[in-house]
Amino acid sequence: MLHQFRALAAAAAIAVVSLPLAACSDESKLTIHSASGDHTFNIEVVDTAASRAQGLMYRQELADDAGMLFDFLGEQEVSFWMRNTFIPLDMLFITADGVVKNIHVNARPHDPTGIPSDGPVQFVLEIPGGRSVELGIEAGDTVTHPRITAAD
């Protein structure tokens, strides 16, 4: 019985010690640093062909502080469309080192027109339509997230 208690206590101690490490690698938070301040979003990360293809299609709402981060696992030119997407979105095209390359504001729901990245990017962040303008987010701003390695 005492042996089981010690094992349980050791496991609890390891869990408590590892909590700060888990918080450091929390992929559900992303921060955009702009001239208007820091803006944190609660995000979902999609990084497989299937999850990127699904994206935010069929969603009926997206909170003001929510978004989806598409990780292409390397820089490349990408293009998005809004087919089967019910809510307007801002698309922030982000380089591997976390710089916002360009922003497409208020992509129209159900529009099949391609929205290109205008050059190689590794990430695309989708947030509610018009939110980037409301917050003063612009091309050249920077993004921090555990998957993004900032430029030195």
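Quick look at the structure, then. (Residues numbered from 1 in each chain as written. Predicted model: local features only at pLDDT ≥ 70, side-chain atom pairs only at ≥ 80, totals over all residues. Heavy atoms only, no water.)

Within the protein one finds three helices and nine strands. Overall, the protein shows an N-to-C arrangement of helices and strands of α-β-β-α-β-β-β-β-β-β-α-β. Burial analysis of the protein (152 residues in total) assigns 37% to the buried set. Entry remark: accessible area of the protein is about 8400 Å², with carbon and sulfur atoms responsible for 58%. (Helix = DSSP H or I, 4+ residues; strand = E, 2+ residues; numbered from the N terminus. Buried < 20%, exposed > 50% of the residue type's maximum accessible area, 1.4 Å probe, protein only. Areas by Shrake-Rupley, 256 points an atom, 1.4 Å probe, with all protein chains shown as cover.)

A separate point is the packing of aromatic side chains. This model, assessed by the stated rule, comprises four aromatic pairs. Arranged with centres 4.9 Å apart and planes meeting at 90°, the rings of F70 and F80 form a pair that is edge-to-face. Of this pair, F70 sits in strand 3 (residues 66-76) while F80 is found in strand 4 (residues 79-80), placing the two residues 10 residues apart along the sequence. Relative to F80, the ring of F72 has its centre 6.2 Å away and its plane inclined at 85°; by these criteria the two rings are edge-to-face. When its relative accessible area of 10% is taken as the criterion, F80 is described as buried. Three or more aromatic residues link up through ring pairs in this structure, and these residues are F70, F72, F80 and F93. (Phe/Tyr/Trp six-rings, centres within 6.5 Å; stacked < 30°, edge-to-face > 60°.)

In this fold, P116 is placed in strand 7 (residues 115-116). As a C-alpha pair, P116 and F80 span 36 residues in sequence and 6.5 Å in three-dimensional space. With residues up to four places along the chain from it excluded, the contact list for P116 reads V78, S79, F93 and N102. (Contact = heavy atoms within 4.5 Å.)

With that settled, consider the pattern of salt bridges. On inspection of all chains with the given rule, the structure shows six salt bridges. In this structure, E44 and R59 form a salt bridge, with 2.8 Å as the shortest nitrogen-oxygen distance. Here the residue E44 occupies a position in strand 2 (residues 37-46), and R59 occupies one in the loop between helix 2 (49-54) and strand 3, the gap between them amounting to 15 residues. Overall, R59 belongs to the partly exposed group, its relative accessible area being 29%. (Salt bridge = Lys/Arg side-chain N within 4 Å of Asp/Glu carboxyl O.)

Take the nonpolar core next. Among the nonpolar cores identified, the biggest contains 18 residues, and F70, V78, F80, M91, F93 and V124 are the most heavily contacted of them. Of all the secondary-structure elements, those providing two or more residues to this core are strand 3, strand 5 (89-94) and strand 8 (121-128). Ignoring anything within four residues of it in the chain, the contact list for V124 reads M68, L69, F70, F72, V78, F80, M91, L92 and F93. (Core = buried A, V, L, I, M, F, W, Y, C linked by side-chain atoms within 4.5 Å.)

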